[in-house]
Each structure stands twice: as C-alpha cells, then as structure tokens.
Amino acid sequence: MARGERRRRAAQAEGTRAVERAARGGPARRGGGSHGAPGRAALAIVVLFLALGLSGRWMLTWYRARRAVTLHSAPPALPPDSSSPAVAPDLFWGTYRPHVYFGMKTRSPQPLLTGLMWAQQGATPGTPKLRHTCEQGDGVGPFGWEFHDGLSFGRQHIQDGALRLTTEFVKRPGGQHGGDWSWRVTVEPQASGTSALPLVSLFFYVVTDGKEVLRPEVGAKGQLKFISGHTSELGDFRLTLMPPTSPGDTAPKYGSYNVFWSSNPGLALLTEMVKSRLNSWFQHRPPGAPPERYLGLPASLKWEDSSPSGRGQGQGQFLIQQVTLKVPFSLELLFESGSAQAAGNQALERLAGSSLTQALESHAAAFRMRFEKTFQLEEKGLSPGEQALGHAALSGLLGGVGYFYGQGLVLPDMGLEGSEHKLDPALFPPVPLFSAVPSRSFFPRGFLWDEGFHQLVVQRWDPRLTREALGHWLGLLNADGWIGREQILGDEARARVPPEFLVQRAAHANPPTLLLPIAHMLSGGDPADLAFLRRAFPRLYAWFSWLHQSQAGPVPLSYRWRGRDPALPTLLNPKTLPSGLDDYPRASHPSAMERHLDLRCWVALGARVLTQLAEQLGEMEAAAELGSLAASLEAEESLNELHWASELGVFADFGNHTKAVQLKPRPPQGLVRVVGRPHPRLQYVDALGYVTLFPLLLRLLDPKSSHLGPLLDVLADSRHLWSPYGLRSLAASSSFYGQRNSEHDPPYWRGAVWLNINYLALGALHHYGHLEGPHQARAAKLHSELRANVVGNVWRQYQATGFLWEQYSDRDGRGMGCRPFQGWTSLVLLAMAEDY
C-alpha cells in the first residue's frame, strides 16, 4: 500500500512536469502534445498568475479546465476539408441521419437536409400518427436496410401496421458538388388481397440550416413543380417530386397535394411542427371514386416564420410537400446538381422511372457480387436466408452511419476524484464526427467503445470508410489526449439524451477498441491504410498515453477505471460506466485500491498494437518505449501477481469487497442495499464472467499457459458461462446473476449474451485453435460449437422478429434490449464468415 502511495505521488509530480514541458513545446512531440502558439499562450498566462501571486491551486484548476476543452495540436489524421465535395465528392451526400426512417444530408457543418414523414389517414380517431424519427416504442417494425453499400445505394423495408414501405436511393457522380441522387418510396399493403385500401400521406421535406436559398415553383392545386436552390457548397441545384405511379408502372396515379413553407424551427422540432399544422380537413377526390377526408397542411405557400423570436430568416428554411393518395403507389424525388448537369457534353438522362429502376437493379446485383467476394458466405455453405441476414447486418450498420456537428459539454478533470462537482461543464469546440451508431432508434449517436467493433465490420467492406471514421474520432482529442466516450453533437442528438447524460467527464476513459480495426489494418498491408496510420500516429500515441497514465492503478502495472458510481444505499453494486460493461459486478465498496483486470488487458493490447505500428513507421524511440510497456504487461508473472485469484481459480478484479450484499425492501424507501458479514476487505472479486476472460479474449496468454485451461473450463461450463445461445456475461453461479442493480435498474451485463464479447471469444478460440499447445484441439472444438450457437440464435431471432437485438437471453435466446441494434451485433456477419 505504501509503495502504491509513493508511486501515485511520483506519477502526480511527473504529470505536472509533463504538463509544463508540453506547455513549453518540449519533448512531448511524438505524442503530438499541446505545443506551439497555444502552449506558449497558456504558459504566458501561468507566468502572469505567478507574478500576480495567485494561488497554485487556482492556477492549476484554470489550466486543467482550459486543456479539457482545447483541441489537440497534433496534425489531423485526415486531409484538410476531407468531408468537402471537392475532396470526397462521392461521400458528400448520404443517409447520414440515422435517427430518421429515411433522409439524406451533406457532410457539412451547415448541411442541406432532406427527409420523409408519413401518416395513415383515418387509421385512428383524431390526428393520424406521424412517422418520422425512429422510435423504440412507436409500433413501427421490423424495419431496416436490405442493401446499403455505404456510398451510393440502399434499399430499406419498413413495416408499419398494415403498410409496407420500401425506400430506395441511388447516387450518380458528376460535377463539383457531389453529383445527383434519386429516391423512390413505394407504399403497399402488408397483406395481399386487402379490400379496403388505406389513404396515406407522404411528406417530403428539405431544410436549410443557414442563409441558403430555396425557391419553390408551385403548380396547380398545391403541387410543387420543383424547388430550385443555391448554397455555397452545392452550387445551383433542383429538387423535383415526380408524379406518383402504381408500383412498377409508369401510369400516373391521382394524388392530393399540400405545401407548407416556413423558417427552420430547429431540427429537433420538425416533427412537432408538422403535427401542429395538421389541423385542416381536405377532400381527396380521385376521378370515378368517392371523396375521402384527410388532415393536411395549410394550403398555402406563404412564408411562415416559426422562430420563437419572430426573426427566422437567418436560421434557414423548412419546405414540405404533402402528397395524399391510395395505396399501392410509388413516388420519386430527384436531386439534380447544376454542375453535374453542366459537366456532360450532352444532357444527362433523368434518374427517374425506368432509368432509376435499372440503376437500382444494377447496384443491387453489384452489392450481392461484392458481398460474396468479400465474405464468402455462399461458399461456406450458409443458406440463402443466412446470407440475407449477412446482407442486413452489413447494410444496417452502413445505413446507420451519421455525420454530426456540434459542441459537447465537458466536465474537466481536476486530478482528484469527487472534485468535479465544484466546476461547471464547459462547451467543447465545434467538431464534426463521421461515425456509425449502435442503434437508430435508441442510440443514434457516436459511442467510442462501440465504434471500434463497428469498424471491424466496415473495414472488411470499405477500408476508406474506416479511415474516415477513425480520423474523425481522433479529431475529437483534447489537449490531454482524452476522447469523450459518448458524442452528443447538435440539437437533434441532444434532444434524445436525458440531461444527466449530456455531460462527458474528462477523467473518464472507455475501452480503446479503435485499436482493433487498426490492428487489422496493420496485418493487411494496404498502402493507403499505412499512409493514414502514419498521419494518425501522433494522435493515437497521445490517446494511448492519456489512457495509460490517467487510469493508472494503486501499484505498478495495475489500472483502475475512474468514474465508478458512489456507493449509494439504493445500488446493489455501484456501476462502472466507463468500462462499457456498466453494471458488471466490481468490488462492492469502491475505492482507490481497485485493480481492474479488463482495463489492464486493454492497455496491454494498446501497447502491443502501437508497438507494431511504431516499428512499421520507423518510430524507433516510441517503439522501444511502447515495446517495453507491452512486454511488462504481457508478462504472465506480472499478470498473475496482480490478478490471478488462486482461491477462485481464475483471473479477477481486486478491491474492497464482500459478497454479502443484497437489495431488501425497506418501506418507504423501497429497495435498499444491506451489507452483511463478512465485512468488506481487500480481496479478489468473485464475479465470474466476461471480465474473467479478458486475458483470453485479447489473446494475451501464451498457448502453453497453465491458466488457459482453467479459463476454457469456465467458458465451457453451462453452470458458469456457456449457454446454447452464446457466452453469458455473468456466470449463472454468481450471486449477482440476473439481479437488479436498483429498484429501477434491471440487470444489463449480468447474464445476457452480448455479440461483441462473443465475437472476441470466437476470435480467441480460433486463434488458440490454430496454435500448437496442450489446448489447441479443445479451443478449436469450442470455437466450432460456440459459433454454431451464436450464429444460429441470432438467425432464429432475426427470422422471428426481423431485428438484430442489443443482447440475447441466455435462458431462451430471445432478443432483448433495444432494436434494431445493428451496431456491434452486426459482428454476426464476421462470425458467419469466420473472419477474426
């Protein structure tokens, strides 16, 4: 204990010296530390404070607070203006609004946005249910992308009660502003032979976010002929809503039209604004059929200022066309870029009708061919249905990629746990983020530890997209090397997050899973990947250095997640949200003496990967430093000393712990934690589960290790982690298995099967099954059996529900949590492909 205290104080002193060196532009160059003009300015202010006699504590508080919301000074990992149409025209437009059922936007801080809403008229009394944003409990579903190539094409199916919608898009390159694109939306009855065909309204809208110009041209009866516009990034453009037709037909179909134009009320308020304007009754009068009433938008194109201040002209425009007609029908929306049209020597054929059909079919065929070439599921003998699951897994992940821009809220790290509440959160600088999301309906924003798993799938399909995503995430680095674990950027993202989760704490880490796709890059040898990693290395080094230093534990080579919940009387076991494993049981009484096994393994993996990268780049000084750390962390003697619990026969966390805790009813408080005997003491934590397996999961053990066998034993034992549906997150034998953490907090990582950890387990078993050692045959057999269990259950649940799920029950395999969850559950595709 004394040794740990001396080390802590020494590290604190060294950290202060490192801050001073960084501010002076000293030898922190390799990590891209804060040097140059910003560092010199900060140092000048520090000197001024000293000259004025201000206290060192106040000065340090100011300095740390400033660094928490200062961007890192290392060169960016991506080229300047990498998201612009000049640099990446084919990525400028995309379905980068994952939280809406269908919409597109540009990769720009002030984007042009388009979207779709719909409502079934007369299905329910009163105002029809307006569908727009993906919601967990709105009754829509299943929904998801059948095909999406991440670039220029997608096809999505949405079931909404008696309706089935198909949304498709295709892009066509050309010009200097991102080219053209076309949508097709088809609405049909869910069941064939339906006699009473419903009346449906589609709402197509376009939103500007600044001073861009929209000029609508209106024809007869409220029908927009087209919308012309101009922005600095898009130049001149035109949006045209084509006349509706029957599906697969060219004959026009009768529709009723309403149009509404106002200032942009704010992207998070679009749905409510349209709902509030659906207050007038109109008549739908198709020739030869009786009229039907429907609720429509005010039949006027007069500008309406919807801003609270009444001065909305500078905040952008919102223009929406409502089309009401009987199902079945198809509608097409065309975006035509002026520069694309002018680029050709002859007029381009419109991407509509049969031309659009041909383009969509061509892209679908190309997707299937490329998919099989990449993942080889048919060659491996998987059924057509399982191949369709693979298509959906990849497409749902790619269709969930978003482009976000905004400022997050950050609580600075004051270097002393428990002191954060004395400061107010500060705004981080405005930053962009190009990232996949875990769930379009529940988590439609960037999560750091999820993204590393996402990019394992994306990297196999399109390495360029992974470079883009990783480059954007590394662009979020603050001056200390910290990246916030949850990125809530922009009004739309903020509107979907409870206030208590808006603030990111600069002392809290997250598993460095971005290193997983980087390790795959290193093994691939792609010159473009290596060029990217060369640019990214200073930021990667700074990020890893922050993790290694800021999460250091009480003794050398130990690590501790900062940010555990306090020991409140209502919590069975205080959660550790920064670990990503949330309510996975840790030491019952949080303390600074904890040693977290999973974090040590993540740091060991990081040291290994960055050592390999530094060697490839010729950064020999960094390679030597990182290599020494990697060797120390991977030395089994050190791992055993800190984490092998001989009394439990497995690796484990260490901390102030007792298993004699439980929740008991105590009116009127409800459930409260009761601690019995034995009293807590410093010991290994008996919580057999995913954390136990981390030295195996991250392949840190030698194939001849004496500890590999015991880990395989608990993995394969149905009394512990093995289930017919995958590995449980917590052993069925644990006293915490299936237990609530509080009266209002059901179990999360306490037994359910999670795909990300099962994928790591499959990769590890495959790894050890191909290395000579006493456990080779057993590891190979377990890999085969676990793969069959995991893939088989995900496939059965997808057949039954049409969704990939956040987690799966270890008792009956049913999908649980939020859905669709086409973030890391999409790893089922790599499991099917046996690609680890």
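Predicted model, so just to flag it, every value in this text is computed and none were measured.

Helix and strand counts for the protein come out as 21 helices and 33 strands. The buried share of the protein, taken over its 836 residues, is 59%. When the accessible surface of the protein is totalled, it reaches about 32600 Å², and 54% of it is carbon and sulfur.

Structurally, Arg 562 can be placed in the loop between helix 13 (527-550) and helix 14 (597-617). Only 2.8 Å separates the side chain of Arg 562 from the backbone oxygen of Ala 552, close enough to count as a polar contact. Polar side-chain contacts of Arg 562 include one of 2.8 Å to the backbone oxygen of Arg 560.

So, about the packing of helix 7 (residues 353-375) against helix 8 (residues 384-398). One can describe the packing of helix 7 onto helix 8 by two numbers: an axis separation of 11 Å at closest approach and a directional angle of 95 degrees. Classified by the interaxial angle, the pair formed by helix 7 and helix 8 is roughly perpendicular. Residue-level inspection shows Phe 367, Arg 368, Phe 371 and Phe 375 of helix 7 in contact with helix 8, the latter providing Gln 387, Gly 390, His 391, Leu 394 and Ser 395. Grouping the amino acids of the contact of helix 7 with helix 8 by side-chain chemistry returns four nonpolar, four polar and one charged.

Let's shift gears to the sheet that holds strand 6 (residues 163-172). Where strands meet in a sheet, backbone hydrogen bonds hold them as pairs that are either parallel or antiparallel. The antiparallel open sheet is built from eight strands, whose spatial order is 4-5-6-7-16-11-10-9. In the strand order of this sheet, the two ends are held by strand 4 (143-148) and strand 9 (213-218), each with one partner. Each strand axis lies, on average, 15 degrees off the axis of its neighbour in the sheet, ignoring direction. Looking at chain direction, strand 4 and strand 5 (residues 153-160) are connected through five bridges and run antiparallel.

Further remarks concern the sheet that holds strand 3 (residues 113-121). Sheet architecture is open: six strands sit in the order 1-2-3-8-15-12, paired in antiparallel fashion. Where the open sheet ends on each side, the last strands, each with one partner, are strand 1 (93-94) and strand 12 (256-263). Direction of pairing for strand 12 relative to strand 15 (residues 317-326): antiparallel, over a ladder of eight bridges. Bridging across to strand 15, Trp 261 finds its partner in Leu 319.

Core analysis: the biggest nonpolar cluster contains 204 residues, and Leu 202 and Leu 540 have the highest contact counts within it. The greatest single-element share of this core, amounting to 13 residues, is contributed by helix 14. If we skip the residues at most four places from it in the chain, Leu 540 touches Leu 474, Leu 515, Ile 518, Leu 533, Leu 610 and Leu 613.

In this model, helix 8 (15 residues) spans 21 Å end to end at C-alpha, consistent with the 21 Å of a helix rising 1.5 Å per residue. With twelve of its 15 residues buried, helix 8 lies for the most part within the structure. Those residues of helix 8 lying buried are Glu 386, Gln 387, Leu 389, Gly 390, His 391, Ala 392, Ala 393, Leu 394, Ser 395, Gly 396, Leu 397 and Leu 398. Looking at the packing, one finds that the buried side of helix 8 touches strand 4, helix 7, helix 9 (448-461), helix 10 (463-474), helix 20 (776-801) and helix 21 (828-833).

With an omega dihedral of 0 degrees, the bond running from Val 327 to Pro 328 counts as a cis peptide bond. Inspection of the secondary structure puts Pro 328 in the loop between strand 15 and strand 16 (329-337). Note that the residue after Arg 819, namely Pro 820, is joined by a cis bond; omega there is -5 degrees. As for its position among the elements, Pro 820 is in the loop between strand 33 (815-816) and helix 21. Positive phi, close to 65 degrees, is recorded for Leu 557, a residue that is not glycine.

For the rest of this paragraph, the subject is the packing of aromatic side chains. Under the definition given, this model contains 39 aromatic pairs. Considering the side-chain rings of Trp 181 and Trp 183, the 5.3 Å spacing of their centres and the 25 degrees angle between planes classify their relative orientation as stacked. On the accessibility criterion, Trp 181 (0% relative accessible area) is buried. Members of the aromatic cluster, joined through ring pairs, are Trp 93, Phe 102, Trp 145, Phe 169, Trp 181, Trp 183, Phe 204, Phe 237 and Phe 335. Across from the ring centre of Phe 226, 3.7 Å away, lies the NZ or CZ of Arg 238, which sits over that ring.

Right, let's talk about the environment of Leu 696 for a bit. By secondary structure assignment, the location of Leu 696 is in helix 17 (residues 694-697). On a C-alpha basis, the gap between Leu 696 and Ala 764 in space is 6.4 Å, while along the polypeptide they are 68 residues apart. When neighbours within four sequence positions are excluded, Leu 696 is seen to be in contact with Leu 701, Leu 708, Leu 711, Leu 712, Leu 715, Ala 764 and Tyr 768.

Attention shifts here to the pattern of salt bridges. The full count for this structure, using the stated rule, is 29 salt bridges. Residue Asp 810 pairs with Arg 728 through a salt bridge whose shortest N-O separation is 2.6 Å. Of this pair, Asp 810 sits in the loop between strand 32 (807-808) and strand 33 while Arg 728 is found in the loop between strand 31 (726-727) and helix 19 (755-768), placing the two residues 82 residues apart along the sequence. When its relative accessible area of 7% is taken as the criterion, Asp 810 is described as buried. Classification of Arg 728 as buried rests on a relative accessible area of 9%. One salt-bridge network, in which partners are shared between bridges, spans Glu 146, Arg 155 and Glu 168.

A few words on helix 7. Over its 23 residues, helix 7 runs 33 Å from end to end, which matches the ideal 33 Å to within 8%, given 1.5 Å per residue. Buried residues of helix 7: Ser 355, Leu 356, Ala 359, Leu 360, Ala 364, Phe 367, Phe 371, Glu 372 and Phe 375, and no others. Once helix 7 ends, the next one or two residues include Gln 376, with phi positive near 55 degrees.

Time to look at the packing of helix 12 (residues 515-524) against helix 13. Packing of helix 12 against helix 13 leaves a shortest axis separation of 12 Å and a crossing angle of 145 degrees. Relative to helix 13, helix 12 is oriented so that their crossing is left-handed. Between helix 12, through Leu 515, Ile 518, Met 521 and Leu 522, and helix 13, the contact on the second element is made entirely by Asp 529, Phe 532, Leu 533, Leu 540 and Trp 543. Split into classes, the residues belonging to the contact of helix 12 with helix 13 amount to eight nonpolar, no polar and one charged.

Turning our eyes to something else, we now look at the pairing of strand 7 (residues 180-189). Most of strand 7 sits out of view: eight of its ten residues are buried. Sheet topology places strand 6 next to strand 7; ten bridges connect them, and they run antiparallel. Directly across from Glu 168, in strand 7, lies its bridge partner Arg 184. Here seven bridges tie strand 7 to strand 16, and the two strands are oriented antiparallel to one another. Paired with Val 187 across the two strands is Phe 329, which belongs to strand 16.

Glancing now at the confidence of the model for the protein. Of all residues in the protein, 90% attain a pLDDT of 70 or more, and the chain-wide mean is 91. This stretch, residues 1-36, has a pLDDT under 50; its non-local contacts, to residues over four places away or in other chains, come to 46 contacts. Note on residues 309-313: pLDDT under 50 across the span, and seven contacts to partners over four residues away in sequence or across chains.

A word on the environment of Gly 385. By the element assignment, Gly 385 lies in helix 8. Linking Gly 385 and Trp 795, residues 410 residues apart in sequence, is a C-alpha distance of 8.4 Å.

We now examine the side chain of Ser 809. Take Ser 809: it is sitting in the loop between strand 32 and strand 33. Residue class for Ser 809 comes out buried when judged on its relative accessible area of 6%. At a separation of 3.0 Å, a polar atom in the side chain of Ser 809 contacts the main-chain amide nitrogen of Arg 811. For Ser 809, the side chain forms a polar contact with the side chain of Asp 812, separated by 3.2 Å. Discounting residues that sit within four places of it in the chain, Ser 809 has contacts with Tyr 725, Arg 814 and Met 816.

Here is what the cut-offs are and how they apply
- Residues numbered from 1 in each chain as written.
- Predicted model: local features only at pLDDT ≥ 70, side-chain atom pairs only at ≥ 80, totals over all residues.
- Heavy atoms only, no water.
- Helix = DSSP H or I, 4+ residues; strand = E, 2+ residues; numbered from the N terminus.
- Buried < 20%, exposed > 50% of the residue type's maximum accessible area, 1.4 Å probe, protein only.
- Areas by Shrake-Rupley, 256 points an atom, 1.4 Å probe, with all protein chains shown as cover.
- Polar contact = N/O pair within 3.5 Å; in protein donor to acceptor, adjacent residues only side chain to side chain.
- Axes fitted to C-alpha atoms, helices over the stretch in contact; angles between N-to-C directions.
- Parallel < 35°, antiparallel > 145°, perpendicular 65-115°, else oblique.
- Contact = heavy atoms within 4.5 Å.
- Nonpolar A, V, L, I, M, F, W, Y, C, P; charged D, E, K, R; others polar.
- Pairing = 2+ DSSP bridges.
- Core = buried A, V, L, I, M, F, W, Y, C linked by side-chain atoms within 4.5 Å.
- Expected span 1.5 Å × (residues − 1).
- Phe/Tyr/Trp six-rings, centres within 6.5 Å; stacked < 30°, edge-to-face > 60°.
- Lys NZ or Arg CZ within 6 Å of the ring centre and 35° of its normal.
- Salt bridge = Lys/Arg side-chain N within 4 Å of Asp/Glu carboxyl O.
- Left-handed = near helix turned anticlockwise from the far one by under 90°.
- pLDDT = per-residue confidence, 0-100.

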